[in-house]
Amino acid sequence: MFAEASLSIWGWGGLGVVLFLVTFGPFAIFYLAFYIFCFIGGGFAVTLLYGKINSEKHLEKCEHSYLPPTQIGILKTLDEMKLEMKPIKIDRRLTGSSFIDEPLQQVIQFALRDYIQYWYYTLSEDESFLLEIRQTLQNALVQFSTRSKEVDWQPYFTTRLVDDFATHLRVFRKAQDRLPDREDKQRDITEELVDSFFEAEVEMERKICRDIVCTSHKDEEGFLRDLCELLLYLLLPPGDFHNKNMRYFLREVLARGVLLPLINQLSDPDYINQFVIWMIRDSSCNYEAFMNILKLTDKPAELEAVKDKVLEELQYLRSLDTAGDDINVIKNQINSLLFVKKVCETRIQRLQSGKEVDALKLAANFGKLCVIPLDHILVHNIALQFFMDFMQAAGAQAELFFWLTVEGYRVTAQQQLEAMQGWQKDGKKQPSATKGLLKAAALGVFEQYLSDKASPRVQVDEASVTQLGEKLQRDDPTPEIFDEIQRKVYDMMLRDERYYPSFKQSPLYVRMLAELDMLKEPSYRGSDDGDGESFNGSPTGSINLSLDDLSNSCHDDSMHIHAFISDTGVCNDHGKTYALYAITVFRRNPDGSEDCWKTYRRYSDFHDFHMRITEQFENLASILRLPGKKTFNNMDRDFLEKRKKDLNAYLQLLLNPEMVKACPTLIPYVYDFLENKAYSKGKGEFARKIDTFVNPLRSSMRNVSNAVKALPDSLAEGMNKVSDNMGRMSERLGQDIKQSIFKVPPLLPKSDIDPEHCRVSAQLDDNVDDNIPLRVMLLLMDEVFDLKEKNQWLRRNIKNLLQQLIRATYGDTINRKIVDHVDYLTSPEQVAEYVKKFRDSYWPNGILAETPPRRDKSIRMRTRVAAKTSLLGIMPDELKHIIGADTTRKGILRVFDMFQYQPMNRRLVYVFLEGFLETMFPQYKFPELFVKLHSRSPRIHRYTQKLKTSSLKR
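Residues numbered from 1 in each chain as written. Predicted model: local features only at pLDDT ≥ 70, side-chain atom pairs only at ≥ 80, totals over all residues. Heavy atoms only, no water.

Engineer: Help me out: how do you make sense of the overall build of the protein in this one?
Structural biologist: Regarding its fold elements, the protein presents 43 helices and 3 strands. For the protein, the proportion of its 954 residues judged to be buried stands at 42%. Intrachain contacts of the protein at a sequence separation of at least 6 include 74% that bridge at least 24 residues. A total accessible area of about 54,100 Å² is found for the protein, and carbon and sulfur atoms account for 56% of it. (Helix = DSSP H or I, 4+ residues; strand = E, 2+ residues; numbered from the N terminus. Buried < 20%, exposed > 50% of the residue type's maximum accessible area, 1.4 Å probe, protein only. Contact = heavy atoms within 4.5 Å. Areas by Shrake-Rupley, 256 points an atom, 1.4 Å probe, with all protein chains shown as cover.)

What follows is the structure, given as structure tokens:
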């Protein structure tokens, strides 16, 4: 059925198609399709046009019905753009000072040109954006200038800045102490030291650790962005700050274009080393300091860099074609360079082999130690400190302190008795309390050290003690009342094997010699250079050769020489002032002719020459007397004339014919000294150091009795001083003993916080808190030279010495001078100079400076050596005499080493920046903000957990 229906459909359909084609032809099907397409397209077009018209009418009806009529947005914007632009007026006044505004406007102009205009002009030629940027920057600078004028900068520069630096140094010292002693000196410990440094910072700051800011570039940029956004909030008008595009733009420019490059440069160790050299560029290079640096360094790269430069200089000198007098100069230079080369090679070999030994141990075991008499030790602060420590360990501190106390008592009693005699002669009324005070002081000394109640008690024979006690009760005290027992105590310390003889064999004695710079070091002898130059291990080795030549050529009875100092003057060379003596020399030759010349010598040349010849000819030491050296006011005209006269007498005695006949081998030394050339110092350096120690004028020795030697300005003041000194002598000496034994700081209150785990300023005495110069000196000296580890008696003496120096130099005006200096540094003229230097360094000749390429490693290493040498070279001898030569060297090198690690330098820069902002905006909570910004460090969380764990265990 279904098949039949399907067949009928196909049949009728096919019949229809055949009839259609027969009727209309074969192309009729195409016409049909075309007619259908046109019908559908026409209907669609009509529908679209009709719908659009009706839709517009409907929308217009709705708009007029529900919304108020407004102008179209695009048309309104176009109309506003067609309006005439109002010109932006730029006020060029920024700080109120024309000295500052002019260079500051140039800095703004250069910054806009090089950081904004170069890309902005590729987008638009409209100047309004640039003018608005400039106006915004100027508004911020005006706010900054106004705020800075309201700030008292004196506390920041004299207290906060020094405290931050000293605290940073304390953290570095603690980090160094935590590192174990290295057997391999070549191993790089930078990463370990940096980790230890920030661990110590957490313990110091407790809530702040800047490790992620100083070691992570990404975190550092985030910190600077946050800081810059906060500064923009404080400095920009509200309208400009709430403009996000403007705020983000300025934030990125300040953070990444200004602050980050500046911090990178300030924290670069090589830049700091160059800056150190530039700061002390006027100081002449010290050869002794240079050799000390080579012998003390543990960086083979530094030694290799110096050695390469030495080889380069040797090659140049050997290539010179010279003759005559120049050959001796070149030989001297070659010998000096060979000596430096040998020192570098020996030092490198020791470091690479791992056989580096402690110089103190080497001197103690193999060196020939200088013997310092006990009487000199007892009157020298540094030497006395080590002897005091030794006597403490031997349990005989009471004997030493008794001797020192009696010295002080004797001087004070002599002064007061002399004052009493003066009152009697003048017919004045004698104070009745003076004798009573002297007797009370004498009884106090007796009770403190000699009575049965004394603890510890001086060990002397009982008969002498009993006799002294009866004498004190019966007679009035005299300055010499303790002399007999003091002499016995001195003899006991001198001869008892437990004391001075054992002290000379102890490591403390070697350390004392190191502090006094009296350790003989092993010499570097021999040369494996193989080039044929003579080298005897001395930088002045060729001097000996020239002396032999002079001896052969000049030792002639027919030759006579006469010399005298014709003139003297004061010279200034590289910032150092010294006296120069012109010596006129006449020499009669064998043929009857006469030569005349002038040579110029300093007093130090005379001194070294004297040491040299007295070493060679010991019998001359009792005949030749060189005028003594004067430490202060040695440029006074009258003093120079007197010294000229004395030096002339010294020369005439030296050139006396009888002297020449008695010591004929002395002639070459004299001729070498009087030749018209630069005098090369001989081998008297060690002898000169010995002379420096034993000569009170040269070494600025300070007798312990001078500590209580103060002349009264008036009668009342004198009595007050006597009462204070005598009434409290026993108590003070008891404190001295306790401080020496237990290392307790003398005037510091007890605290639950470890002094080493807090800021440096927290440990200052209250009575020096107002004295700015003493505060600064104590802060720096305590941390740089680590004086807290010293004997507290020495530390207090140093403090007293600083007070006396300040008062003697400036009196009560020193604070005023410091404040005036700070005012000068922040004056408009000086600020203008800072801005000009900034402008000239960033835009030399008005052109943006290119980033300099990183310098070669060998150049950087030589710069390090030069910077260390410069720092050691400017250290005055007086400082070494106060705290010790070895302590001075270690302190200076510790400060230098601190600046050789960039993460630590970044931390110091950020500390200074934070202190500056806290001082600049005291009304805002910057300290709390910095705690929040720096508390994200993982070390903070670990330290907090550690504290919680330790508290739970308790």
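Engineer: What exactly am I supposed to notice about the nonpolar core here?
Structural biologist: Note on soluble globular proteins: their nonpolar side chains tend to be buried together. Judged by nonpolar contacts, the single largest core of 106 residues is most densely connected at Phe223, Leu224, Leu294, Val306, Val340, Phe785 and Phe921. At 10 residues, helix α15 (residues 326–353) tops the list of elements feeding residues into this core. For valine 306, the contacting residues outside a window of four places in its chain are Phe290, Leu294, Val340, Cys344, Arg862 and Val865. Grouped together as the second largest cluster of nonpolar side chains are 50 residues, Met391, Ala398, Val445 and Met512 included. (Core = buried A, V, L, I, M, F, W, Y, C linked by side-chain atoms within 4.5 Å.)

Engineer: Any chance you could explain the packing of aromatic side chains here in plain terms?
Structural biologist: For the coordinates displayed, the defined rule picks out 33 aromatic pairs. A centroid spacing of 5.4 Å and a plane angle of 55 degrees characterise the contact between phenylalanine 390 and phenylalanine 503, whose relative ring orientation is tilted. Here the residue phenylalanine 390 occupies a position in helix α18 (residues 381–393), and phenylalanine 503 occupies one in helix α23 (residues 500–503), the gap between them amounting to 113 residues. Neither phenylalanine 390 nor phenylalanine 503 differs from the other in exposure class; each is buried. Here the aromatic residues Trp119, Tyr120, Tyr121, Phe129 and Phe249 are joined through ring pairs into a cluster of three or more. Arginine 601 extends its terminal NZ or CZ atom over the ring of phenylalanine 673, reaching a point 5.4 Å from the ring centre. In this arrangement the basic side chain of arginine 643 is found over the ring face of tyrosine 603, its NZ or CZ atom lying 4.0 Å from the centre. (Phe/Tyr/Trp six-rings, centres within 6.5 Å; stacked < 30°, edge-to-face > 60°. Lys NZ or Arg CZ within 6 Å of the ring centre and 35° of its normal.)

Engineer: Could you clarify how one ought to interpret helix α38 (residues 857–873) in this entry?
Structural biologist: For an α-helix, 3.6 residues make a turn, and residues three or four places apart therefore share a direction. In this model α38 runs 24 Å from its N-terminal to its C-terminal C-alpha over 17 residues, within 8% of the 24 Å that 1.5 Å per residue would give. For α38, the set of buried residues is Arg860, Met861, Thr863, Arg864, Val865, Ala867, Lys868, Thr869, Leu871, Leu872 and Gly873. (Expected span 1.5 Å × (residues − 1).)

Engineer: Would you take a moment to explain the pattern of salt bridges for this structure?
Structural biologist: If the charged atoms of two oppositely charged side chains come close together, the side chains can form a pair. Taken as a whole and assessed by the stated rule, the structure comprises 40 salt bridges. Across the pair arginine 939 and aspartate 211 runs a salt bridge, and its minimum N-O distance is 2.6 Å. Of the two residues, arginine 939 is situated in helix α43 (residues 938–953) and aspartate 211 in helix α8 (residues 211–215); the sequence distance between them amounts to 728 residues. Between arginine 855 and aspartate 270 there is a salt bridge; the shortest N-O distance is 2.9 Å. Here arginine 855, found in the loop between α37 (828–842) and α38, pairs with aspartate 270, found in helix α12 (residues 269–279); they are 585 residues apart in sequence, far enough to count as distant. The partly exposed category is assigned to arginine 855, whose relative accessible area is 27%. A network of salt bridges, in which partner residues are shared, links Glu221, Arg225, Glu229, Arg247, Arg251, Glu252 and Arg256. (Salt bridge = Lys/Arg side-chain N within 4 Å of Asp/Glu carboxyl O.)

Engineer: Please explain the packing of helix α14 (residues 300–318) against α38 as it appears in this structure.
Structural biologist: Two quantities define a packed helix pair, namely the angle between the axes and the distance from one axis to the other. Two elements in contact, α14 and α38, have axes whose closest approach is 8 Å; the angle formed by their N-to-C orientations is 100 degrees. Here α38 runs roughly perpendicular to α14, going by the angle between their axes. When α14 is examined against α38, the residues Ala301, Glu302, Ala305, Val306 and Lys309 are found in contact with a partner set consisting of Lys857, Ser858, Met861, Arg862, Arg864, Val865 and Lys868. (Axes fitted to C-alpha atoms, helices over the stretch in contact; angles between N-to-C directions. Parallel < 35°, antiparallel > 145°, perpendicular 65-115°, else oblique.)

Engineer: How do you make sense of a negative patch on the surface when you look at a structure like this?
Structural biologist: A surface patch of like charges, here negative, comprises Glu125, Asp126, Glu127 and Glu132. Checked against the element boundaries, glutamate 125 lands in the loop between α4 (98–120) and α5 (128–149). (Patch = residues over 30% accessible without salt bridge, like charges linked within 9 Å, V, L, I, M, F, W, Y side chains within 5 Å. Lys, Arg positive; Asp, Glu negative; His and termini not counted. Charge placed at Lys NZ, Arg CZ, Asp CG, Glu CD.)

Engineer: Looking at this model, I keep getting lost on the packing of α12 against α38. Mind explaining?
Structural biologist: Their axes nearest at 9 Å, the elements α12 and α38 cross at an angle of 40 degrees. If you check the angle between α12 and α38, you find them oblique. As for the relative orientation of α12 and α38, their crossing is left-handed in sense. Every residue of α38 that contacts α12 at Asp270, Asn273, Gln274, Val276 and Ile277 is listed here: Arg860, Thr863, Arg864, Ala866, Ala867 and Leu871. (Left-handed = near helix turned anticlockwise from the far one by under 90°.)

Engineer: Looking at this model, I keep getting lost on the state of the cysteines. Mind explaining?
Structural biologist: Covalent bonding between the sulfur atoms of two cysteines defines a disulfide. Applying the stated criterion across every chain, the model contains 0 disulfides. Cysteine 209 takes part in no disulfide bond, and the closest cysteine sulfur, belonging to cysteine 214, lies 8.4 Å away. In this structure cysteine 214 comes out as buried when scored by relative accessible area, which is 6%. (Disulfide = S-S within 2.5 Å.)

Engineer: Any chance you could explain a nonpolar patch on the surface here in plain terms?
Structural biologist: There is a patch of nonpolar side chains on the surface, built from Phe27, Ile29, Phe30, Tyr31, Phe34 and Tyr35 and spanning about 770 Å² of accessible area. With respect to the secondary-structure elements, phenylalanine 34 resides in helix α2 (residues 28–66).

Engineer: Explain unusual backbone geometry to me, please; I cannot follow it from the model alone.
Structural biologist: Glycine aside, residues mostly have negative phi angles, and peptide bonds mostly take the trans form. Residues serine 455 and proline 456 are joined by a peptide bond in cis, for which omega reads 0 degrees. Locating proline 456 in the fold gives a position in the loop between α20 (433–449) and α21 (462–474). The backbone of arginine 206 shows a phi angle near 70 degrees, a positive value even though the residue is not glycine. One can find arginine 206 in the loop between α7 (190–205) and α8. According to the relative accessible area criterion, arginine 206 is partly exposed, its value standing at 36%. Phi is positive for asparagine 845, which is not a glycine, with a value near 60 degrees. Checked against the element boundaries, asparagine 845 lands in the loop between α37 and α38. Since its relative accessible area comes to 81%, asparagine 845 is described here as exposed.

Engineer: Just checking my understanding: could you explain α21 for this structure?
Structural biologist: Taking 1.5 Å of rise per residue, 13 residues should cover 18 Å, and α21 covers 18 Å from first to last C-alpha, within 8% of that figure. If you check which residues of α21 are buried, you get Ser464, Val465, Leu468, Gly469 and Leu472. The buried residues of α21 occupy one face: seen down the axis, they fall within an arc of 135 degrees. The exposed set on the far side of α21, more than 90 degrees from its buried face, consists of Ala463, Gln467, Gln473 and Arg474. (Arc of directions from axis to C-beta.)

Engineer: When you look at the environment of phenylalanine 609 in this model, what are you seeing that I'm missing?
Structural biologist: Structurally, phenylalanine 609 is set in helix α26 (residues 603–616). Since its relative accessible area comes to 1%, phenylalanine 609 is described here as buried. Remark: the alpha-carbon pair of phenylalanine 609 and tyrosine 669, spanning 60 residues in sequence, is separated by 8.3 Å.

Engineer: Hey, could you run me through the side chain of serine 937 in this one?
Structural biologist: Looking at the element boundaries, serine 937 is found in the loop between α42 (926–934) and α43. Of the residues examined, serine 937 reaches a relative accessible area of 0% and is grouped as buried. A distance of 2.7 Å separates a polar atom in the side chain of serine 937 from a polar atom in the side chain of aspartate 211. (Polar contact = N/O pair within 3.5 Å; in protein donor to acceptor, adjacent residues only side chain to side chain.)

Engineer: Sorry if this is basic, but what is going on with the confidence of the model for the protein here?
Structural biologist: Any residue range with low pLDDT should be treated as having predicted coordinates unsuitable for detailed reading. This prediction gives the protein a mean pLDDT of 75; 71% of its residues lie at or above 70. The least confident element of the protein, judged by mean pLDDT, is helix α31 (residues 696–699) at 33; the most confident is helix α41 (residues 902–920) at 94. In this model residues 522–559 is a low-confidence stretch, pLDDT under 50, and it forms 74 contacts with partners more than four residues away in sequence or in other chains. Taken together, the stretch residues 683–753 has pLDDT below 50 and engages in 142 contacts with residues farther than four places along the chain or on a different chain. (pLDDT = per-residue confidence, 0-100.)

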